[in-house]
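Chain by chain, the residues:
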Amino acid sequence: MEFLAQIINGLSLGSIYALIALGYTMVYGICKMLNFAHGDIIMVGAYMLSVAMATLHFPPFLAILTSMVVCAALGVIIERVAYKPLRNASPLAVLITAIGVSYFLQSSALLIFGSTQRKVDAAINFPSIQLGELSISGNALITLIVTIILMVGLNWFINNTMTGKAMLAVSEDKGAAQLMGVNVNFTIAITFLIGSALAAVAGVLFISSYKYVGPYTGAMPGIKAFVAAVLGGIGSVPGAMLGGILLGLIESLAKAYISTQLADAIVFGVLIVVLLVKPTGLMGKKITEKV
Amino acid sequence: MALLKVENLQVFYGVIQAVKGISFEVNQGEIVALIGANGAGKTTVLHTITGLVPAKAGSITYNGVDLLKTPSHKIVAMGMAHVPEGRRIFQELTVLENLQMGAFTRRDKGEVAETLKMVYERFPRLEERKKQVAGTLSGGEQQMLAMGRALMSKPDIILMDEPSMGLSPLFVTEIFDIIQEINKAGTTVLIVEQNAKKVLSIADCAYVLETGNIIMDGPAQELLNNDSVKKAYLGE
């Protein structure tokens, strides 16, 4: 029974990682860049939630929506201002810019909200469910459900709408996509918009369990989610989902049964082993040189 | 008035000049060929027309519109399709999805379905394989898909870049027959090809490119019988 509870904890933590990992993997797929500022979007999302609820007295649902809209807009603005001018620059320049944007977001939060962590009233608060002697956290359950709905929705969007197919086409061949009439800049903006909105949801879910937000709140889940994206195969949407869930499960089980201190080491250990055996990640595509 | 008019076009890759001030035109209903050796600038010309590569100087006018001022993604909706060199189909999408991408800018679903039917009639093999991932097609089938994808936009003019590249002789003949049929059905064709003999036999007129310059032009039949063309490009 204890084991089952740990599994549910792991699934719920994993779904938060998966939601963040989706943003990394979609942006990588389409722009071939690692957006290291992505983790900090979670932090912005959490702050927005807190401001909307505590200062503006929005009801939880509206507060979550505000947080999503702000993050989506922020993602699009970051792309326009910081990354778009570097579309044809060397990958290293883009990577360094992303790290710069990450510091910029953290420092802005530090300036606006100060260094003390801010308590956030939970936007979602569901009672635990009692199943015999097993008590399942309502929040964990709702996190899992929300994530499943978002993932199914995202998958449907990518595979069944023309905008989704345009995203796939752009990630494969920007020039050919342009010849089809796809506006590449618009498609990239949409990708950042979706990724950042998902990160905001992840931020809301994350902060509902952890209660406090500070300028560096996004850093650790951001890195874990990045690991999840690489584990699943960066560039692959199903891979990010699988990688996130697996990472959450491993972390939870390692914390429960091996050692709390070693949990992170185990998580990264698994990543190293997977990359040694399958360098492209679990569901990564084989990279073939074009002839 | 010419449907497509290129005037004094100059294109640079960094400091290297790939196209050195060429002019040519394509009239409604024609098949016009650009022939020449590797590196002559043929592909660059097509890429500049559809905006994949910026021009340094000159002008490209299509239906009276200045294409050099038109963003690449807006050109297909103006009735110009481009079958790029190396086909560049979307390997990870299915055959059907590739064809749907070809009709990306068209909003009328009924008309698109009709065009799809037409494309399937022309390329029955694509219909047989519509659920298949495009990367698993053979080279010839991929060329058919690239052409079918271009036709899905219902173009007035179609630019084709090396359609015979890497294909077996049997497929080459088939592809050229299809290009002729597409042209007879009313689509203007601008074709770049290394297989000069094949392309001159179907083209109305042709331009010979050499290191970024047009060194000769005229009706295709005349070029086919021209001694220096024979020597340099027909291997006779």
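Residues numbered from 1 in each chain as written. Chains lettered and ligands numbered in written order. Predicted model: local features only at pLDDT ≥ 70, side-chain atom pairs only at ≥ 80, totals over all residues. Heavy atoms only, no water.

> Outline the overall build of chain A, listing residues and values.
Looking only at helices and strands, chain A features eleven helices and four strands. Taking 2.2 N^0.38 as the reference for a compact globule, 291 residues should give roughly 19 Å; the C-alpha atoms of chain A span a radius of gyration of 19 Å, in line with that estimate. Residue burial in chain A is summarised as follows: out of 291 residues, 51% are buried. A separation of at least 24 residues holds for 75% of the contacts in chain A among residues at least 6 apart in sequence. Put simply, chain A shows about 13100 Å² of open surface, and 71% of that area lies on carbon and sulfur atoms. The average position of the 15 basic charges and that of the 10 acidic charges among the side chains of chain A differ by 8 Å. (Helix = DSSP H or I, 4+ residues; strand = E, 2+ residues; numbered from the N terminus. Rg over C-alpha atoms; globule rule 2.2 N^0.38 Å. Buried < 20%, exposed > 50% of the residue type's maximum accessible area, 1.4 Å probe, protein only. Contact = heavy atoms within 4.5 Å. Areas by Shrake-Rupley, 256 points an atom, 1.4 Å probe, with all protein chains shown as cover. Lys, Arg positive; Asp, Glu negative; His and termini not counted. Charge placed at Lys NZ, Arg CZ, Asp CG, Glu CD.)

> Describe in detail the pattern of salt bridges, supporting the description with residues and values.
Overall, the coordinates contain 13 salt bridges over all chains when judged by the stated rule. One salt-bridge network, in which partners are shared between bridges, spans A:K224, A:E251, A:K255 and A:D264. (Salt bridge = Lys/Arg side-chain N within 4 Å of Asp/Glu carboxyl O.)

> Before we move on, could you go through the sheet that holds strand β2 (residues 16–26) of chain B and cite the residues and values that matter?
Residues and elements named next belong to chain B. The four strands are arranged β2-β1-β4-β5 in an open sheet whose pairing can be described as antiparallel. Two strands in the sheet have a free side with no partner beyond their single neighbour: β2 and β5 (65–66). The sheet contact formed by strand β4 (residues 57–62) and β5 spans two bridges and is antiparallel. Looking at β5, one finds that T61 is bridged to D66. (Pairing = 2+ DSSP bridges.)

> Can you tell me about the packing of helix α1 (residues 2–31) of chain A against helix α6 (residues 162–172) of chain A, naming the residues and giving the values?
Residues and elements named next belong to chain A. Direction vectors running N to C along α1 and α6 enclose 55°, while the axes themselves pass 6 Å from each other. Compared by their axis directions, α1 and α6 come out oblique. Between α1 and α6, the contacting residues are M26, G29 and I30 on the first element and M167, V170 and S171 on the second. A breakdown of the residues in the contact of α1 with α6 according to their chemical character gives four nonpolar, two polar and no charged. (Axes fitted to C-alpha atoms, helices over the stretch in contact; angles between N-to-C directions. Parallel < 35°, antiparallel > 145°, perpendicular 65-115°, else oblique. Nonpolar A, V, L, I, M, F, W, Y, C, P; charged D, E, K, R; others polar.)

> I'd like a rundown of the pairing of β4(B), residues and numbers included.
Both faces of the sheet carry side chains from a regular strand, because those side chains alternate between them. All names here are of chain B. Sheet analysis places strand β1 (residues 4–13) next to β4, joined by five bridges and oriented antiparallel. Looking across to β4, one finds that L4 is bridged to Y62. Here β4 folds back onto β5 in antiparallel fashion, the turn holding two residues, of which N63 has a positive phi close to 55°.

> I'd like to hear about the interface of chain B and chain A, residue by residue, with values.
Interface size is often expressed as the accessible area that is lost when the parts come together. At the interface, 20 residues of chain B touch 18 residues of chain A. Between chain B and chain A the total buried area reaches about 1900 Å² when both faces are included, carbon and sulfur atoms providing 66% of it. Three residues stand out in chain B for area buried against chain A, namely B:H73, B:F90 and B:F104, and they jointly supply 33% of the buried area on that side. Taken together, chain B and chain A are joined by one salt bridge. Across the pair B:R88 and A:D173 runs a salt bridge, and its minimum N-O distance is 2.8 Å. (Buried area = accessible area lost by both parts, 1.4 Å probe.)

> Explain the packing of aromatic side chains residue by residue, including any values.
This model, assessed by the stated rule, comprises seven aromatic pairs over all chains. Note on B:F24 and B:Y207: the rings are 5.4 Å apart at their centroids and 50° apart in plane angle, and the pair reads as tilted. Of this pair, B:F24 sits in strand β2 while B:Y207 sits in strand β9 (residues 205–210); the two residues are 183 residues apart in sequence, bridging distant segments of the chain. Among the residues examined, B:F24 registers a relative accessible area of 3% and is labelled buried. The class for B:Y207 is buried, based on a relative accessible area of 10%. Taken together, A:Y24, A:F36 and A:F226 form an aromatic cluster joined through their ring pairs. Over the face of the ring belonging to B:F12 we find B:K56, whose NZ or CZ atom lies 5.3 Å from the ring centre. One cation-aromatic arrangement involves B:R149 over B:F90; the distance from NZ or CZ to the ring centre is 5.0 Å. (Phe/Tyr/Trp six-rings, centres within 6.5 Å; stacked < 30°, edge-to-face > 60°. Lys NZ or Arg CZ within 6 Å of the ring centre and 35° of its normal.)

> Tell me about helix α7 (residues 169–184) of chain B, and please be specific about residues and values.
Between its first and last C-alpha, α7(B) extends 23 Å over 16 residues, near the 22 Å set by a 1.5 Å rise per residue. Count one or two residues on from α7(B) and you reach B:G186, which has phi positive near 115°. (Expected span 1.5 Å × (residues − 1).)

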